[in-house]
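Below, each chain spelled out in residue letters.
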Amino acid sequence: GQNIDQPTEMTATEGAIVQINCTYQTSGFNGLFWYQQHAGEAPTFLSYNVLDGLEEKGRFSSFLSRSKGYSYLLLKELQMKDSASYLCAVSGVDSSYKLIFGSGTRLLVRP
Amino acid sequence: GAGVSQSPRYKVAKRGQDVALRCDPISGHVSLFWYQQALGQGPEFLTYFQNEAQLDKSGLPSDRFFAERPEGSVSTLKIQRTQQEDSAVYLCASSLRGNNEQFFGPGTRLTVL
């Protein structure tokens, strides 16, 4: 079966940096997505990595190592509004464009 | 701008009833996906359309679940003889083409009593 693991919960302080890790073992890979989901709302796209390395977009960065089956999402200068669930998802499983999601990491930002 | 819309936003059904959930994707988006999300979990894939063709339905949990996209735009997910375990949020997502980022709708929260 497909396996995507990420921590269940994390807590961080406003203004700090937090790193959310994701490891995956899947039958097929065509990219890794990170989504943010506030409670009761739709997931919104944050980043996409298909090649190894770091992608930076404002306060958010995402890293991928395909050989290690590992990715992380880095959030800098945390704000209260960053309190949300962060979903790691893999595309290309079984040669399909469907996304296979981890269970999500619930991030709580404290003042 | 017009994003993905879904209706109804909330649906309460008695066990055994049939329900139909509608998704209006972003105009021009070729790919459409349905996911099921249980509380506290990540979305789980149900089915995928490219235009009107249903290319992957491997995630549909039983033959009570049926999806269609007859004209390659609006899609309907139908659940027959609903059961309590069908209670979840049903998310629809569309993308310009296969492996682009998927844009999600607000979801339909289905509660089966």
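In case you missed it, the structure is sitting above this.
Our subject in this report is the structure included herewith. Every value quoted in this text rests on a predicted model; they were computed, and no experiment measured them. Starting afresh in each chain, residues are numbered from 1 along the sequence in its written order. Labels follow written order: the first chain is A, the first ligand is 1, and so on. It should be noted that, the model being predicted, local features are given only for residues of pLDDT at least 70 and side-chain atom pairs only at 80 or more, the latter also being counted only at that level, while totals for whole chains, interfaces and linings use all residues. In computing side-chain properties, one takes all heavy atoms of the structure into account and sets aside hydrogens as well as water.

## Things to note about the overall build of chain B
And step 1. Secondary structure elements are defined from DSSP: runs of H or I of at least 4 residues count as helices, runs of E of at least 2 residues count as strands, and each element is numbered from the N terminus. Assigned secondary structure in chain B consists of zero helices and 11 strands.
And step 2. C-alpha extents for chain B along the principal axes are approximately 35 × 25 × 25 Å.
And step 3. Residues are treated as being in contact if the distance between any of their heavy atoms lies within 4.5 Å. Within chain B, contacts between residues at least 6 apart in sequence are counted, and of these 52% link residues at least 24 apart.
And step 4. When the accessible area of chain B is evaluated, it comes to approximately 5600 Å², of which 47% is carbon and sulfur surface.
And step 5. Positive charges come from Lys and Arg, negative ones from Asp and Glu, while His and the chain ends are left out of the count. By convention, charge coordinates are those of NZ in Lys, CZ in Arg, CG in Asp, or CD in Glu. Charged side chains in chain B number 12 positive and 11 negative. The centres of these two groups are separated by 6 Å. Using a 1.4 Å probe, the Shrake-Rupley method yields the accessible areas, and only the shown protein chains count as cover for residues.

## A few points about the state of the cysteines
Here, disulfide denotes a covalent bond that connects the sulfur atoms of two cysteines.
And step 1. The disulfide definition used here is simple: a pair of cysteine sulfur atoms within 2.5 Å. What the rule picks out here adds up to two disulfides over all chains.
And step 2. Across a sulfur-sulfur distance of 2.0 Å, Cys22(A) and Cys88(A) are joined as a disulfide pair. On the sign convention where negative means left-handed, the S-S torsion of about -65° between Cys22(A) and Cys88(A) marks this disulfide as left-handed. Of this pair, Cys22(A) sits in strand 3 (residues 18-25) while Cys88(A) sits in strand 9 (residues 84-91), placing them 66 residues apart in sequence. Of the two residues, Cys22(A) and Cys88(A), both sit in the buried class.
And step 3. Covalently, Cys23(B) is tied to Cys92(B) through a disulfide, its sulfur atoms 1.9 Å apart. Here Cys23(B) and Cys92(B) share a disulfide; its torsion about the S-S bond, -65°, makes the bridge left-handed. With Cys23(B) in strand 3 (residues 19-24) and Cys92(B) in strand 9 (residues 88-95), this residue pair connects regions lying 69 residues apart in the sequence. Summary of the burial criterion: residues with accessible area below 20% of their type's maximum are buried, those above 50% are exposed, and those between are partly exposed, where the area comes from a 1.4 Å probe applied to protein chains only.

## Comments concerning the side chain of Ser96(A)
And step 1. Examined against the element boundaries, Ser96(A) turns out to sit in the loop between strand 9 and strand 10 (99-101).
And step 2. For the purposes of these results, a polar contact is taken to be a pair of N or O atoms within 3.5 Å, where, inside protein, one atom must be able to donate a hydrogen and its partner to accept one; residues adjacent in sequence count only when each atom of the pair is a side-chain atom. There is a polar contact of 3.1 Å between the side chain of Ser96(A) and the backbone nitrogen of Lys98(A).
And step 3. Residue contacts for Ser96(A): discarding those within four places in its chain leaves Ser91(A) and Asp56(B).

## Thoughts on the interface of chain A and chain B
And step 1. Taken together, the contact pairs 18 residues of chain A with 21 residues of chain B.
And step 2. A quick way to say it: buried area is the sum, across both parts, of accessible area lost when two parts are put together, with a 1.4 Å probe. Across the chain A to chain B interface the summed buried area is about 1500 Å²; carbon plus sulfur atoms make up 53%.
And step 3. Interface area lost by chain A to chain B is led by Tyr97(A), Lys98(A) and Phe101(A), which between them contribute 33%.
And step 4. In the sections that follow, a salt bridge refers to a side-chain nitrogen of Lys or Arg positioned within 4 Å of a carboxyl oxygen of Asp or Glu. At the boundary of chain A and chain B, one finds one salt bridge.
And step 5. Between chain A and chain B we count seven residue pairs in polar contact (both at pLDDT 80 or more) in total.
And step 6. Taken together, the elements giving at least two residues each to the side of chain A that touches chain B come down to strand 4 (32-37), strand 5 (44-49), strand 9 and strand 10 of chain A.
And step 7. Here the term charged refers only to Asp, Glu, Lys and Arg, the term nonpolar to Ala, Val, Leu, Ile, Met, Phe, Trp, Tyr, Cys and Pro, and the term polar to all other amino acids, Gly among them. Across the side of chain A that touches chain B, the residue classes break down as 10 nonpolar, seven polar and one charged.

## Remarks on the environment of Val12(B)
Residues and elements named next belong to chain B.
And step 1. Mapped onto the fold, valine 12 is located in strand 2 (residues 10-13).
And step 2. Overall, the relative accessible area of 54% leaves valine 12 in the exposed class.
And step 3. Along the backbone, valine 12 and threonine 111 are 99 residues apart, and their C-alpha atoms lie at a distance of 4.8 Å.
And step 4. Beyond its immediate chain neighbours, meaning those up to four positions away, valine 12 contacts Gln17, Thr111 and Leu113.

## As for the sheet that holds strand 8 (residues 70-75) of chain A
Residues and elements named next belong to chain A.
And step 1. Strands sit in the order 1-3-8-7-6 across an open sheet of five strands; the sheet is antiparallel. Pairing within the sheet leaves two strands with one partner each, and these edge strands are strand 1 (3-5) and strand 6 (53-57). Across the sheet, the mean angle separating the axes of adjacent strands is 15° when strand polarity is ignored.
And step 2. The rule for pairing is simple: two strands pair if DSSP sees at least two bridges between them. Alignment of strand 6 against strand 7 (residues 60-65), held across five bridges, turns out to be antiparallel. Pairing of glycine 53 across the sheet is with leucine 64, part of strand 7. For helices, the fitted axis covers only the stretch in contact; all axes are lines through C-alpha atoms, and the angles between them, taken along N-to-C directions, range from 0 to 180 degrees.

Honestly, it's all geometry; don't read function into it.
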